[in-house]
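Structural description and commentary
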Amino acid sequence: MNLGGEGLPAEALKQSLRALESFAGPTVLIDAQTRVLALGAQAHSLLKGRLKPGQRLAEAFEARLADTLRAALRAREELPIAALEAASPGSPRALRLRATDLTEGNRSVGWAIHLAVAPEAPDGPEELFHGLWTQEPQMRQLFRTIERAARTEASVLVRGESGTGKELTAYALHTLSSRAKGPFRAINCAALSPSLLESELFGHVRGAFTGAVRDSPGHFRLAGGGTLFLDEVAELPLELQAKLLRVLETHSVIPVGGREAISVDVRIVAATHRALRREVEQGRFRADLMYRLRVVPLFLPSLRERPGDILPLADRFLKDLNARGGRQVLRFSAPARRLLQEYPWPGNVRELRNVMEYAHVMGEGPVLSEAELPPEFHEPPATGLKPLNTGAPRRLAPSATVGLDDIRRALSQTQGNRAKAAALLGISRITLWRRLRQDPGKTG
Ligand SMILES: Nc1ncnc2c1ncn2[C@@H]1O[C@H](COP(=O)(O)OP(=O)(O)OP(=O)(O)O)[C@@H](O)[C@H]1O
């Protein structure tokens, strides 16, 4: 068939298109220079006359959309073209596009573009809440609970894996509370040795220990009139748990080496990736402190538990990166999309943001391909793994094998950095990912 139109009479072309549309849906034929050769009647009606024979894509659509269309043609991929919504007023749904090659011998002479109305998005409206973005109803419900809890003085315990937004949640609670004008201070209870943690939390007096050359107020007093965020609170040693409980009950602190109790006015938001109840059952956490801290418990779901957020969040991060200038990524290749959706995301949204940043700098061109994703995306799936003995250097897990809990704890301590977490546990990064992939259930 001569797609230039000389070889096929107009009536025959019309008949062929009608036949094609009867099984392939609305169809547009375009030549190798992306000029429209012909439209079927269904395509004409769907596009409300926006495309005409003889027109180039670049003339019919604004530059960015025309680029996206050309990239889709080259990649021969299905892609949603939300910007075509405007072409069908009254129908707010996006269109999807799928292209097949038209060839003469070995020569590519153009494409047949098949159009379809995209299925309705399964998820509800999106929401950006104090830096936390979602379109999952479960998360939006959580935002409403945060708003309600913020109006009270109740202690809040936030539970969630590393990178799920626990600190952002704590900050939202502070900002929305009557203490918003006061300080917000955060301390990670897993990051410091017990003695350092004690003096960081409660302060010390001059001469309390070697190196204590002057008085130090400690976080409780520094957060006076505001909010103190105790991250990884389950890692607090038992003796400090007793001291913390006393502070919460008496509203006063005695600095290390001091005698006088100093009154403090602080609202506590604590966070952990562990099930505190289980820590209590196993004798690692005081029950009375747990009840004191979790007056309002909040649970932040992992990214695996809200897969509908993965690609939209990835898109948002890409747009932010595009806005910095340099490479302009318009979309993901289909295999990249699939890999992003299948990946277990042990470091959750923080990891997703880092992966997007990596891919954005590693590749070039408007399509972010699977090859640009970090190495862990290209590792083979797990097969018959045995639990691992981590050997002497392990510092975290009390048992002989590395469990999911150990991995999450290590990830939390290394801010979602898998290489560091694996090194800490004495296992390979591949093993760490496989382990998470094998059992992607909730912590505890
Ligand atoms: N829902 C979200 N929307 C957008 N960004 C998010 C979301 N959740 C987390 N992030 C991103 O992840 C980063 C980490 O969030 P945050 O520090 O609150 O996590 P966390 O649960 O406290 O992690 P960790 O336990 O490792 O300290 C944030 O800076 C933000 O960029």
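None of the values given here were measured: they were computed from a predicted structure.

Here we take up the overall build of the chain. What the chain contains, in helices and strands, is 17 helices and 16 strands. Going through the 444 residues of the chain one by one, you find that 48% of them count as buried. Looking at the chain alone, contacts between residues at least 24 apart form 63% of all its contacts between residues at least 6 apart. Total accessible area computed for the chain in this model is approximately 21,300 Å², and 52% of it derives from carbon and sulfur atoms.

The next thing to look at is the sheet that holds strand β13 (residues 267-272). Taken in spatial order, the five strands line up as β9-β10-β13-β8-β14 in an open sheet, and their pairing is parallel. On the outer flanks of this sheet lie β9 (184-188) and β14 (296-299), each paired with one strand and no other. Along the sheet, successive strands turn relative to each other by an average axial angle of 20°, direction set aside. Pairing between strand β8 (residues 156-159) and β13: four bridges, direction parallel. Looking at the pairing, Val-156 lines up with Val-269 of β13. The sheet contacts of helix α5 (residues 137-150) involve β8, β13 and β14, and relative to β14 the element is tilted by about 155°.

What follows is about the site of the ligand. In the region of the ligand, 17 residues are neighbours, and Trp-133, Ser-162, Lys-166, Glu-167 and Arg-353 sit closest. Within the backbone of Gly-163, one N or O atom sits 2.9 Å away from an oxygen atom of the ligand. If you map the ligand onto the pockets, it falls in the second largest pocket. Here the shell around the ligand is built from residues that sort into six nonpolar, five polar and six charged. Shared between two domains, the shell around the ligand takes at least three residues from each, and those domains are domain 2 (127-299) and domain 3 (307-378).

This part covers the pattern of salt bridges. Per the counting criterion, the structure on display carries 15 salt bridges. The salt bridge involving Asp-31 is made with Arg-35; its shortest N-O contact spans 3.7 Å. Relative accessible area serves as the criterion here: at 12%, Asp-31 is assigned to the buried category. Of the residues examined, Arg-35 reaches a relative accessible area of 31% and is grouped as partly exposed. For Glu-279, the salt bridge identified is with Arg-284, shortest N-O distance 2.8 Å.

Attention now moves to unusual backbone geometry. Here the phi dihedral of Glu-232 falls at roughly 55°; this positive angle occurs in a residue that is not glycine. Assignment of secondary structure puts Glu-232 in the loop between β10 (227-231) and α9 (238-250). For Asn-348, which is not a glycine, the phi torsion comes out positive at approximately 55°. With respect to the secondary-structure elements, Asn-348 resides in helix α14 (residues 348-362). Accessibility expressed as a relative area gives 0% for Asn-348, which makes it buried.

As a further point, take the packing of α5 against helix α6 (residues 166-175). For the pair α5 and α6, the least separation of the axes is 8 Å and the interaxial angle reads 45°. Here α5 is positioned oblique relative to α6, judged by the angle of their axes. The two elements α5 and α6 cross, and the hand of that crossing is right-handed. Mapping the contact onto sequence places Ile-146, Ala-149 and Ala-150 in α5 and Thr-169, Ala-172 and Leu-173 in α6. The residue makeup of the contact of α5 with α6, split by class, is five nonpolar, one polar and no charged.

One finds Phe-220 and Leu-230 to be the most contacted residues of the largest nonpolar core, which totals 28 residues. Where this core is concerned, the elements lending two or more residues are α7 (194-202), β10, α9, β13 and α11 (287-293). If you tally residues by element for this core, the top one is α9, at five residues. Setting aside chain neighbours within four positions, we find Phe-220 in contact with Leu-201, Phe-202, Leu-228, Leu-244, Val-247, Leu-248, Val-253, Val-264, Val-266 and Ile-268. Judged by nonpolar contacts, the second largest core, of 24 residues, contains Leu-318, Val-329, Phe-332 and Trp-345.

Glancing now at the confidence of the model for the chain. Scored by pLDDT, the chain has a mean of 82; 84% of the residues are at 70 or more. Taken together, the stretch residues 85-92 has pLDDT below 50 and engages in 13 contacts with residues farther than four places along the chain or on a different chain. Scored below 50 in pLDDT, residues 382-400 makes 33 contacts in the model with residues more than four places away or belonging to other chains.

Within this model, the second largest pocket holds a volume of roughly 590 Å³. Lining the second largest pocket are 25 residues, and of these Gly-163, Thr-164, Gly-165, Leu-168 and Arg-350 sit closest to its centre. For the lining of the second largest pocket, the secondary structure elements donating two or more residues are β7 (132-134), α6, α12 (310-323) and α14. Broken down by element, the lining of the second largest pocket gets its largest block of residues, four residues, from α12. The class makeup of the residues in the lining of the second largest pocket is eight nonpolar, eight polar and nine charged. Two domains each provide a minimum of three residues to the lining of the second largest pocket, namely domain 2 (127-299) and domain 3 (307-378).

Rules used throughout
- Residues numbered from 1 in each chain as written.
- Predicted model: local features only at pLDDT ≥ 70, side-chain atom pairs only at ≥ 80, totals over all residues.
- Heavy atoms only, no water.
- Helix = DSSP H or I, 4+ residues; strand = E, 2+ residues; numbered from the N terminus.
- Buried < 20%, exposed > 50% of the residue type's maximum accessible area, 1.4 Å probe, protein only.
- Contact = heavy atoms within 4.5 Å.
- Areas by Shrake-Rupley, 256 points an atom, 1.4 Å probe, with all protein chains shown as cover.
- Pairing = 2+ DSSP bridges.
- Axes fitted to C-alpha atoms, helices over the stretch in contact; angles between N-to-C directions.
- Near = heavy atom within 4 Å.
- Polar contact = N/O pair within 3.5 Å; in protein donor to acceptor, adjacent residues only side chain to side chain.
- 1 Å grid on protein atoms, 1.4 Å probe; cavity = no way out; pocket = protein on both sides within 12 Å on 5 of 7 lines; lining within 4 Å.
- Sits in = over half its atoms within 2 Å of the grid points.
- Nonpolar A, V, L, I, M, F, W, Y, C, P; charged D, E, K, R; others polar.
- Domains from an automatic or database assignment.
- Salt bridge = Lys/Arg side-chain N within 4 Å of Asp/Glu carboxyl O.
- Parallel < 35°, antiparallel > 145°, perpendicular 65-115°, else oblique.
- Left-handed = near helix turned anticlockwise from the far one by under 90°.
- Core = buried A, V, L, I, M, F, W, Y, C linked by side-chain atoms within 4.5 Å.
- pLDDT = per-residue confidence, 0-100.
- Points joined across faces, edges and corners; volume = space filled by probe spheres on them.

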